[in-house]
Every structure is written in structure tokens, then in C-alpha cells.
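Observations on the model geometry
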Amino acid sequence: DVATSTGPSRDVAYDRNRSAFSAREARVAALVVDRLTRLGIDPGDVGVVTLFRAHADAVARAVAGVSETTAGGVSEGAKREDANDDASLAGDGAASSVVQVSTADAFQGQEKEVMVLSLCGGGGGPFATEARLNVALTRAKRHLIVLGDSKDPAASEQEAWRLCLRTAPRAP
């Protein structure tokens, strides 16, 4: 199934390192992950990938927050990983019960059954290089869910996004 929806990406902010994040989109990603785990998908089979370190941190906090507030939460939380940081926001739970949240760079070489690609608004701008987009778009074994603002001008800066946006409404 493909669902396309547009919404303004006006809440994109930047941390002190100029890494972008969107609290609203992080919350949406967390709710998607919660719904997937409630449908019976093992949290260890779910991953969230983004192009920005600050956004990966925001998503991991949101996933951990949703799993804490979920009555009888299915997921143990989120494990935030990147090349420089292997911090777990889930406590001491087994990795198989934790949703992995990483940047595209850190997710290279790994796959999950279901991937949520959270674009932090538009298409990632100058950070959406062909190599990073290739990693972000090809980590899902079975299902890829893309969150972002298709009306953002950055979404059409890369040929890969133009093709995705053109194809998605026609997909089965």
C-alpha cells in the first residue's frame, strides 16, 4: 500500500551543530512505529532512517516516549545508533526487541523487514546525495514508509525523489 500526504514542513529546526530536526515529524514516525508493533511486527524488524543526526535523536526520543506511554507497550523503545554513538535509549533490553533509529550513513550494510524513512520535512536538501538516498531507500526488505513534505521544493531537487513522487500515487 502507498499513501501520499502532504503537509507543511515549517517546524524544521536546527541544533547547535546545524543538524536539522522536526519534532512533529519525529512524533509521526514514533506513532507509525507504535502502530507497526501493535500490528504484530517485532520491533527488532523495524528501523527508522533519516539523513540528519539531530532528527535521528529526535525520532529515537519520540519512539521511546511513545513506547513508555503505551499501555503494556509492545516495544522496549528505540536504539539510536550511528558511526560515532552506540547509545541505547531503551535501557538494557535485548536488541531484538528494540527499534533501530539511525542516520543513513550508519544504516549502511544493514536491512530491516520494515523501514521508516523520515526526511525531516522535504527531500533532505544538499544532504540528499545519491549515495545516501540509495542507502535510505534500499534498507527495507519488505516495506518502506516515507515521511516528509512532498510539496517542499527540496523534494524535487534530486532525481530519485522526483521519480518516487511521480511513481508513488500509481503504486499498488
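Scroll up for the structure.
In this report, we go over the structure that sits alongside the text. (Residues numbered from 1 in each chain as written. Predicted model: local features only at pLDDT ≥ 70, side-chain atom pairs only at ≥ 80, totals over all residues. Heavy atoms only, no water.)

Next up on the list: the overall build of the protein. Per the secondary structure count, the protein includes five helices and seven strands. The buried share of the protein, reckoned over its 172 residues, is 44%. In the protein, the proportion of contacts linking residues at least 24 apart, taken out of those at least 6 apart, comes to 71%. Counting only carbon and sulfur atoms, one obtains 49% of the accessible surface of the protein, whose full area is about 9,100 Å². (Helix = DSSP H or I, 4+ residues; strand = E, 2+ residues; numbered from the N terminus. Buried < 20%, exposed > 50% of the residue type's maximum accessible area, 1.4 Å probe, protein only. Contact = heavy atoms within 4.5 Å. Areas by Shrake-Rupley, 256 points an atom, 1.4 Å probe, with all protein chains shown as cover.)

Let us now look at the nonpolar core. Of all hydrophobic cores here, the largest spans 20 residues; its most connected members are Val 33, Val 48, Val 59, Val 99, Val 101 and Val 116. Secondary structure elements with two or more residues in this core: α1 (23-38), β3 (46-50), α2 (53-69), β5 (99-103) and β6 (112-118). With residues up to four places along the chain from it excluded, the contact list for Val 33 reads Val 46, Val 48, Val 63, Val 99 and Val 116. Counting 15 residues, the second largest nonpolar core, distinct from the first, contains Leu 119, Cys 120, Ala 128 and Ala 136. (Core = buried A, V, L, I, M, F, W, Y, C linked by side-chain atoms within 4.5 Å.)

The element β6 is extensively covered by neighbouring structure, given that six of its seven residues are classed as buried. Across five bridges, the pairing between β3 and β6 is parallel. Bridging from a neighbouring strand, Thr 50 pairs with Ser 118 of β6. Taken together, the six bridges between β6 and strand β7 (residues 140-147) define a ladder with parallel strand orientation. Bridging across to β7, Leu 117 finds its partner in Val 146. (Pairing = 2+ DSSP bridges.)

Attention now moves to the pairing of β3. With respect to burial, β3 is a largely interior element, five of its five residues being buried. Neither face of β3 is open: one carries Val 46, Val 48 and Thr 50, the other Gly 47 and Val 49, and all of them are buried. As paired elements, β3 and β5 share four bridges and run parallel to each other. Note that in β5 the partner of Gly 47 across the bridge is Gln 100.

All chains considered together, the criterion is met by four salt bridges. As a salt-bridge pair, Arg 132 and Asp 105 come within 3.1 Å of each other at their nearest N and O atoms. Of this pair, Arg 132 sits in helix α4 (residues 130-137) while Asp 105 sits in helix α3 (residues 104-107), and the two are 27 residues apart along the sequence. Residue class for Asp 105 comes out partly exposed when judged on its relative accessible area of 48%. A salt bridge links Arg 142 to Glu 113; the shortest N-O distance between them is 2.5 Å. Of the two residues, Arg 142 sits in strand β7 while Glu 113 sits in strand β6, which places them 29 residues apart along the sequence. When its relative accessible area of 65% is taken as the criterion, Arg 142 is described as exposed. Through salt bridges that share partners, Glu 113, Lys 141 and Arg 142 make up one connected network. (Salt bridge = Lys/Arg side-chain N within 4 Å of Asp/Glu carboxyl O.)

Relative to the elements of secondary structure, Leu 147 occurs in strand β7. Assessed through its relative accessible area of 12%, Leu 147 is described here as buried. Linking Leu 147 and Val 32, residues 115 residues apart in sequence, is a C-alpha distance of 9.7 Å. In contact with Leu 147, other than residues within four places in its own chain, are Glu 25, Val 28, Ala 29, Val 32, Val 116, Leu 117, Ser 118 and Leu 119.

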